[in-house]
Amino acid sequence: MDEKSARYQQWHEDFQVFMNKTRESEKRSTLDEEFEAQQKIYTKWAEHYDDVLDKDGENYQGYQILASYISKIFGDTKGDTEILDFGCGTGLLGCALRDKSFEIIDGSEPNKDLVKIAKDKKVFREIYVGKGLGCIPSGKQYDIIASSGVFFLSASHPNLDVLADAVTFLKPSGSFIILTKKSYLDKDFVMWNSLKKLVDEGVIMEKERHFIPGYRKVFDFENDPQSTAAILHFQKL
């Protein structure tokens, strides 16, 4: 096994196998403990994060898929569209959006080591460091808040309760668009009641739910031979 393959296998054990155990465990850690454990993994792998996700590793295509979806919908206003990449990591979604000619992109990310790499890519106007949306300055508003590979990875990852805060950072009729794994939508920790409350109150609507097979490598522990992604598109009313 060459060095790159060995590195990917170690990442897979450190992160993906760990996350699967976390999702499936009936005896979960506290959310704070779980979050800290994940952050340590991200810090350990920050330098090689992009490498282990590329075509020779996970072959993760979520960033390109989400950027293409956003480009298709908002293509006529790319120069003026303000986007927040929520959970921007090392900036891979930001790069994919830039490649689609979007120019005004901010990021937010809790892990400082990932942020260092994202800043070096010079894609973002600003990167706000912190957990959730609390790090975004009051009064900031975006046409789109987008997120790829962040929601529903575990109970301590962002969930639909974020929408209540997100609408305050969206312009009128703004969009909140996430890409995640389709099978995660069935997990018992997904807060569908938070979405239902906002929909019932006329705050937000679910505009579209779109499924895309083959967005990354299939893992042995998954019952999903097509490795299907889900795009959830919500719109502020």
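Enquirer: Is there a simple way to explain helix α1 (residues 3–24) in this structure?
Expert: It helps to recall that an α-helix has 3.6 residues per turn; residues three or four apart then point in one direction. Between its terminal C-alpha atoms α1 stretches 31 Å, which fits the 32 Å expected from 22 residues at 1.5 Å a residue. The largest bend in α1 is about 35°, located at H12. For α1, the set of buried residues is Y8, W11, H12, D14, F15, Q16, V17, M19, N20, T22 and R23. Where α1 is buried, its residues contact α2 (31–45) and α3 (49–53). Here α1 starts with a cap whose side-chain oxygen sits 3.3 Å from the backbone nitrogen of K4, and that cap is D2.

Enquirer: Help me understand helix α5 (residues 92–99), please; the structure alone is not making it clear to me.
Expert: Within α5 the residues assigned to the buried category are L93, G94, C95, A96 and L97. Remark: S101 follows α5 within two positions and exhibits a positive phi of approximately 80°.

Enquirer: Just to check I follow, could you spell out the layout of surface pockets for this structure?
Expert: Over the atoms rolls a probe the size of a water molecule, and its path tells where empty space is left. The space that makes up the largest pocket amounts to roughly 860 Å³. Lining the largest pocket are 49 residues, with Y42, V150, S156, H157 and P158 positioned closest to its centre. For the lining of the largest pocket, the secondary-structure elements that each account for two or more residues are α1, α2, α3, β2 (104–109), α7 (162–166) and β5 (170–181). Among the elements that take part in the lining of the largest pocket, α2 stands out by supplying five residues, more than any other. Residues of the lining of the largest pocket, tallied by class, amount to 25 nonpolar, 17 polar and seven charged. In this structure, the second largest pocket is lined by 14 residues; those nearest its centre are L53, D54, Y60, Q64 and L92. At the level of elements, α3, α4 (62–74) and α5 are the ones that each hand at least two residues to the lining of the second largest pocket. The leading source of residues in the lining of the second largest pocket is α5, at four residues. Classifying every residue of the lining of the second largest pocket by side-chain character gives six nonpolar, three polar and five charged.

Enquirer: Any chance you could explain the nonpolar core here in plain terms?
Expert: Note on soluble globular proteins: their nonpolar side chains tend to be buried together. Within the largest apolar cluster, 74 residues are counted, with the highest numbers of intra-cluster contacts made by W11, I70, I145, F152 and F176. Residue contributions to this core peak at seven residues, all from α4.

Enquirer: Can you help me understand the packing of aromatic side chains in this one?
Expert: Aromatic ring pairs: the centre-centre distance and the angle between the two ring planes describe each pair. Following the criterion strictly, the structure yields eleven aromatic pairs and no others. Aromatic pair W11 and W45: ring centres 5.8 Å apart, planes at 75°, arrangement edge-to-face. You can see W11 sitting in helix α1 and its partner W45 sitting in helix α2, a full 34 residues away along the chain. Summarising the burial analysis for this pair, W11 and W45 share the class buried. On the basis of an interplanar angle of 65° and a centroid distance of 4.9 Å, the ring pair of Y60 and Y63 is categorised as edge-to-face. Y60 gets classed as buried once you look at its relative accessible area, which sits at 12%. Through a chain of ring-to-ring contacts, three or more aromatic side chains come together here, namely W11, F15, Y42, W45 and Y49. For the cation-ring pair, K78 lies above F102, with the distance from its terminal atom to the ring centre recorded as 5.7 Å.

How each quantity is defined
Residues numbered from 1 in each chain as written. Predicted model: local features only at pLDDT ≥ 70, side-chain atom pairs only at ≥ 80, totals over all residues. Heavy atoms only, no water. Helix = DSSP H or I, 4+ residues; strand = E, 2+ residues; numbered from the N terminus. Expected span 1.5 Å × (residues − 1). Bend = angle between axes of the 7 residues up to and from the residue. Buried < 20%, exposed > 50% of the residue type's maximum accessible area, 1.4 Å probe, protein only. Contact = heavy atoms within 4.5 Å. Polar contact = N/O pair within 3.5 Å; in protein donor to acceptor, adjacent residues only side chain to side chain. 1 Å grid on protein atoms, 1.4 Å probe; cavity = no way out; pocket = protein on both sides within 12 Å on 5 of 7 lines; lining within 4 Å. Points joined across faces, edges and corners; volume = space filled by probe spheres on them. Nonpolar A, V, L, I, M, F, W, Y, C, P; charged D, E, K, R; others polar. Core = buried A, V, L, I, M, F, W, Y, C linked by side-chain atoms within 4.5 Å. Phe/Tyr/Trp six-rings, centres within 6.5 Å; stacked < 30°, edge-to-face > 60°. Lys NZ or Arg CZ within 6 Å of the ring centre and 35° of its normal.

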